[in-house]
Amino acid sequence: MNRIWNGGLSESGGPDLSSLMTEEDNLVDSNLVKHEILGLMAYHLELARTRILDEEDTREILKALLKNLDANLSMTTEFEDVHTLVEEKVKLETESGKNLRIFLSRNDQSHYDIRSFYLDQLLVISGLLIETAGTLNSRFSGIEGYMAGYTHYRQAMPVAVATYFDYISASLLNLAEESLSLFGKLSEYCPLGYGSGYGTALPINRKAVAVRLGFRDTFNNPMLGASYRGVDEVNVVFLEARIMTSISRFAQDLMTFSSDEFGFVHLPSGFTTGSSLMPNKRNPDFLEMLQGYASESLGVLTSSLSILMNKGSGYHREFQLSKDKVVTYTLRLAEILKAFSEMSKGLEINIAGAEGLVDNSANATMEACNLFSKGTPWKDAYAKVGQTLREGGKLNSYEPVPQLSTEPGRIRDLETTVDRLKKGREELALEIIGDVKAFLGS
């Protein structure tokens, strides 16, 4: 396996530990190749302004980076990590590749790569949350009818079906806003250039590199910048666990409401499976898997927090483990949300069936409120309704009015924000490529 970090006091030989040290990292790094190359391009464009390297060296390096970006490189087990892959490919093109990583460290490069990856994925996640919220809002905000509301798994009060689905839509939009807020925080400071966490000897304008890569600034204190390695993973997976906790609760509702005993929700084709033995079964396997993936998110969060604990300041190799887990889970979450969005397009509601399940006793609270509005003290009204139910009496029926929080304008505004940020990220990449081509053409 090629390793670009050999040299110095490191020694070759000994047992092959690659399966423990780099195997999973190797697979995960396939998602970071684009970010690695663009980061190096921005770095060398700034080096060109300082003339630290010979101009011909810079030209050869940038030419090789551009060629390999166009080649859509992918990781193989031949390479230890994304840094090795890119450097080996550049060195095949030019001897100048030996200066590709001048005064750069695995630490700041990895940190930049994964932070940039998270920025792209947070926009994907936000977009999918908004898309699902929009689908549910357009399909169910105007629907008439009601269903039972539950506390402690017991009927509490009737609720409008529109209110229930608006609750899901509004929850997803709130989570999308949290995702965009985290995008804003991660895009404030660029890690590239803090070296191993103690700065660099190069007189390079790190803020110029940061701005070129879409960040507002860089960390003045390199130790502060390095301290976010591992913390970024915790922040990202905490949000993802929040998303999956909500998704798991929706999944539990839909499993219950689509069961034989309830049966007023019909899950679309492809989201249930048959039994291996019982022909009568239509199992909600997709929803059950969502709950499993929600539990997995908590495992990734706990693991990422535990890896950070009781560590001295500075980089530790275990941070690679939290990176691998969170990058992998982030990609999984996008898959989950795509499928959940698709399922939301095919959900069917049997209003008559939903209303038929509402027990008369669920009208108790509104009946007590009605008595209070006519002058009966609240405690007396409460007691009177309870006595009626104990004696087997029938209460008046009350159809709940929809109570909605989701406004179509909010959905459109969030969609516009995500589209603008995605376009901005794409334009940044194109600008870097354009600047490289302009430099090579000069």
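See the structure shown above.
Keep in mind that what you see is a predicted model, and the values were worked out from it rather than measured.

Student: Would you take a moment to explain the overall build of the chain for this structure?
Tutor: Broken down by element type, the chain carries 16 helices and 6 strands. A compact globule built from 442 residues would reach a C-alpha radius of gyration of about 22 Å, whereas the chain, at 28 Å, exceeds it by more than 25%. Projected onto its principal axes, the C-alpha coordinates of the chain cover approximately 95 × 50 × 40 Å. Per-residue burial over the chain gives 49% buried out of 442 residues. Contacts in the chain between residues far apart in sequence, at least 24 positions, make up 80% of those at least 6 positions apart. As displayed, the chain has an accessible area near 21600 Å², and 51% of this comes from carbon and sulfur atoms. Of the side-chain charges in the chain, 44 are positive and 59 negative, and the distance between the mean point of each set is 3 Å.

Student: Just to check I follow, could you spell out the packing of helix α3 (residues 33–50) against helix α4 (residues 55–70) for this structure?
Tutor: The axes of two packed helices give the description: the angle between them and the distance between them. At their nearest, the axes of α3 and α4 sit 10 Å apart, and the two run at 160° to each other. Viewed along their axes, α3 and α4 adopt a mutual orientation that is roughly antiparallel. Of the two possible hands of crossing, α3 and α4 adopt the one that is left-handed. Along the contact surface, α3 presents Lys34, Ile37, Leu38, Leu40, Met41, His44, Leu45 and Ala48, while α4 presents Thr58, Ile61, Leu62, Leu65, Leu66, Asn68 and Leu69.

Student: What exactly am I supposed to notice about the pairing of strand β1 (residues 146–151) here?
Tutor: When a strand is regular, its side chains alternate between the sheet's two faces. Two strands pair when backbone bridges link them, and β1 and strand β2 (residues 154–160) are joined in this way by 5 bridges, in the antiparallel orientation. Within β2, the position partnered with Tyr146 by the bridge is Ala160. Hairpin remark: β1 followed by β2, antiparallel, with 2 residues in the connecting loop; positive phi at His152, about 55°.

Student: How should I be thinking about the packing of aromatic side chains in this particular structure?
Tutor: Each aromatic ring pair is characterised by the separation of its centres together with the angle its planes make. One pass over the full model with this rule turns up 16 aromatic pairs. Measuring from ring centre to ring centre gives 6.4 Å for Tyr150 and Phe257, while their planes differ by 35°; the resulting arrangement is tilted. Here Tyr150, found in strand β1, pairs with Phe257, found in helix α10 (residues 231–257); they are 107 residues apart in sequence, far enough to count as distant. Judged by its relative accessible area of 5%, Phe257 is buried. The rings of Phe140, Tyr150, Tyr164, Phe165, Tyr167, Phe250, Phe257, Phe262 and Phe264 are connected pair by pair, giving a single aromatic cluster. Above the ring of Tyr382, the side-chain terminus of Lys379 is found at 5.7 Å from the ring centroid.

Student: Just checking my understanding: could you explain the side chain of Asp108 for this structure?
Tutor: With respect to the helices and strands, Asp108 occurs in helix α6 (residues 106–140). Engagement of the side chain of Asp108 in a polar contact is seen with the backbone nitrogen of Gly195, the distance being 3.2 Å.

Student: I would appreciate a short explanation of the nonpolar core in the present structure.
Tutor: Side chains of a nonpolar character, in soluble globular proteins, are inclined to be buried together. Met41, Leu65, Phe165, Leu213, Ile243, Ile247 and Leu287 are the most contacted members of the largest nonpolar core, which totals 111 residues. Looking at which element gives the most residues to this core, the answer is α6, with 14 residues. In contact with Phe165, other than residues within four places in its own chain, are Leu136, Phe140, Leu347 and Ile349. Core analysis: the next-biggest nonpolar cluster, separate from the first, contains 6 residues, Ala364, Ala368, Leu371 and Leu395 among them.

Student: Explanation requested: the packing of α6 against helix α16 (residues 408–441) in the structure shown.
Tutor: Axis separation between α6 and α16 bottoms out at 10 Å; the angle between their running directions is 155°. It follows that α6 is roughly antiparallel to α16 by the angle criterion. In this structure, α6 meets α16 at a crossing whose hand is left-handed. Contacts from Ser116, Leu119, Asp120, Leu123, Val124, Ser126, Gly127, Ile130, Ala133, Gly134 and Asn137 of α6 reach α16 at Pro408, Ile411, Leu414, Glu415, Val418, Leu421, Lys422 and Arg425.

Student: What am I meant to see in the pattern of salt bridges here?
Tutor: Where charged atoms from two side chains of opposite charge come close, those side chains can pair. A full pass over the atoms with the stated rule returns 22 salt bridges. A salt bridge links Lys67 to Glu93; the shortest N-O distance between them is 3.1 Å. One end of the pair, Lys67, is in helix α4; the other, Glu93, is in helix α5 (residues 82–93), and 26 residues separate them in sequence. For Lys67, a relative accessible area of 48% translates into the label partly exposed. With relative accessibility at 39%, the residue Glu93 sits in the partly exposed group. Two residues, Lys91 and Glu87, come together in a salt bridge whose shortest N-O distance is 4.0 Å.

Parameters at a glance
Residues numbered from 1 in each chain as written. Predicted model: local features only at pLDDT ≥ 70, side-chain atom pairs only at ≥ 80, totals over all residues. Heavy atoms only, no water. Helix = DSSP H or I, 4+ residues; strand = E, 2+ residues; numbered from the N terminus. Rg over C-alpha atoms; globule rule 2.2 N^0.38 Å. Buried < 20%, exposed > 50% of the residue type's maximum accessible area, 1.4 Å probe, protein only. Contact = heavy atoms within 4.5 Å. Areas by Shrake-Rupley, 256 points an atom, 1.4 Å probe, with all protein chains shown as cover. Lys, Arg positive; Asp, Glu negative; His and termini not counted. Charge placed at Lys NZ, Arg CZ, Asp CG, Glu CD. Axes fitted to C-alpha atoms, helices over the stretch in contact; angles between N-to-C directions. Parallel < 35°, antiparallel > 145°, perpendicular 65-115°, else oblique. Left-handed = near helix turned anticlockwise from the far one by under 90°. Pairing = 2+ DSSP bridges. Phe/Tyr/Trp six-rings, centres within 6.5 Å; stacked < 30°, edge-to-face > 60°. Lys NZ or Arg CZ within 6 Å of the ring centre and 35° of its normal. Polar contact = N/O pair within 3.5 Å; in protein donor to acceptor, adjacent residues only side chain to side chain. Core = buried A, V, L, I, M, F, W, Y, C linked by side-chain atoms within 4.5 Å. Salt bridge = Lys/Arg side-chain N within 4 Å of Asp/Glu carboxyl O.

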